Amino acid sequence: MIDRTQLAEFLRRRREALQPEDVGMPRGPRRRTRGLRREEVAVLCHMSTDYYSRLEQERGPQPSEQMVASIAQGLHLTVAERDHLFRLAGHQPPTRGASSEHVSPGMLRIFDRLADTPAEIVTELGETLRQTPPRVALVGDWTRYSGPARSNGYRWFTDLASRDIYVPEDHEFLSRMYAAGLRGIAAVRGPRSRAAELADLLLEQSEEFRTLWADHEIGVEPDEVKRFQHPQVGRLDLNCQVLLDPHQSHRLLVYTADPGTESYEKLQLLTVIGAQVMSTP
């Protein structure tokens, strides 16, 4: 059952322990609140201020598992703190490890400081958990997908329009890379894993994937330079740096361009324009 008293106190303590700069927010003048304001936490957790306030006041309905997960992420909780929050709210904590979508506080702190750079946090299956506005401007909003389509590799084989953002000469290599990458993950995670389920779906739906899967190719590593074909600004050659969280199997991908190049100028333009450049239906 939900422990309203302990839940309220835990939320207050974690809110007061965070400063605006810890979560990528401006501090602003005349700040008297210790830690974050309730309305700031509500924004981070994607919920109304009234809903969050009632939790701190030991009122309101029992929050759903989805709401608890959103609060845990918004408050930048560790995995242990997330599990504690779930138990206080009367729920069983989610599984840890590769299938977890809870981004570690350390990775979130780095991500929050990349607001002017194309960056994203993805799972080992290529599911986008976070995107900066310049990354959305570059490729579109990839957090909007649900089900198997959340995986970039799945979309690659089932929605050919998803390939338009990459230069045509890289398509064959990327197909091999996605197939080989999924094979490697499925081998590590086992026949009952989400990776294995994704492979089974693709074997049913994509002839190209079936052909590549039959080759048993493994270890096709991605290039450091990613070549994009943007519909508004044209081709961009971007370097991709990767930060790995080994405990959660999440990767932080950061895209930059060499100063003085045409790609650098185009990337600066996308950064200014922001996410409104590309509107994905």
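Calculation rules
- Residues numbered from 1 in each chain as written.
- Predicted model: local features only at pLDDT ≥ 70, side-chain atom pairs only at ≥ 80, totals over all residues.
- Heavy atoms only, no water.
- Salt bridge = Lys/Arg side-chain N within 4 Å of Asp/Glu carboxyl O.
- Helix = DSSP H or I, 4+ residues; strand = E, 2+ residues; numbered from the N terminus.
- Buried < 20%, exposed > 50% of the residue type's maximum accessible area, 1.4 Å probe, protein only.
- Axes fitted to C-alpha atoms, helices over the stretch in contact; angles between N-to-C directions.
- Parallel < 35°, antiparallel > 145°, perpendicular 65-115°, else oblique.
- Left-handed = near helix turned anticlockwise from the far one by under 90°.
- Contact = heavy atoms within 4.5 Å.
- Nonpolar A, V, L, I, M, F, W, Y, C, P; charged D, E, K, R; others polar.
- Expected span 1.5 Å × (residues − 1).

Scanning the entire structure with this criterion turns up 17 salt bridges. The shortest N-O distance in the salt bridge between Arg227 and Asp170 comes to 2.7 Å. Taken as a pair, Arg227 in strand E3 (residues 225-230) and Asp170 in the loop between helix H8 (152-158) and helix H9 (171-189) lie far apart in primary sequence, 57 residues in all. Note that Arg227 is salt-bridged to Asp223, the shortest N-O span being 3.2 Å. Since its relative accessible area comes to 35%, Asp223 is described here as partly exposed. Through salt bridges that share partners, Arg15, Arg38 and Glu56 make up one connected network.

We now examine unusual backbone geometry. The phi torsion at His46 lies on the positive side, around 60 degrees, for a residue other than glycine. Among the structural elements, His46 can be located in the loop between helix H2 (38-45) and helix H3 (49-56). Phi angles above zero are rare outside glycine, and His76 is one such case at about 55 degrees.

Turning our eyes to something else, we now look at the packing of helix H10 (residues 194-205) against helix H11 (residues 207-214). Two numbers describe a pair of packed helices, the interaxial angle and the distance between the axes. Across the interface, H10 lies against H11 with an axial gap of 6 Å and an inter-helix angle of 120 degrees. Classified by the interaxial angle, the pair formed by H10 and H11 is oblique. Where H10 crosses over H11, the handedness of that crossing is left-handed. Together, Ala199, Leu202, Leu203, Glu204 and Gln205 of H10 and Glu207, Phe209, Arg210 and Trp213 of H11 make up the contact between the two elements. Split by residue class, the contact of H10 with H11 holds five nonpolar, one polar and three charged.

With respect to the element layout, His247 can be found in the loop between strand E4 (234-245) and strand E5 (250-256). Distance in space between the C-alpha atoms of His247 and Val220 is 23 Å, their sequence separation being 27 residues.

With 19 residues, H9 should reach 27 Å at 1.5 Å per residue; the first-to-last C-alpha distance of 27 Å fits that figure. Turning to H9, its buried residues number three or more, namely His171, Leu174, Ser175, Met177, Tyr178, Ala179, Ala180, Leu182, Arg183, Ile185 and Ala186. Of the surrounding elements, those touching the buried residues of H9 are H8, H10 and H11. Gly190 sits one or two residues past H9 and shows a positive phi near 105 degrees.

Note that every value here comes from positions in space, so none of it alone points to a role or purpose.
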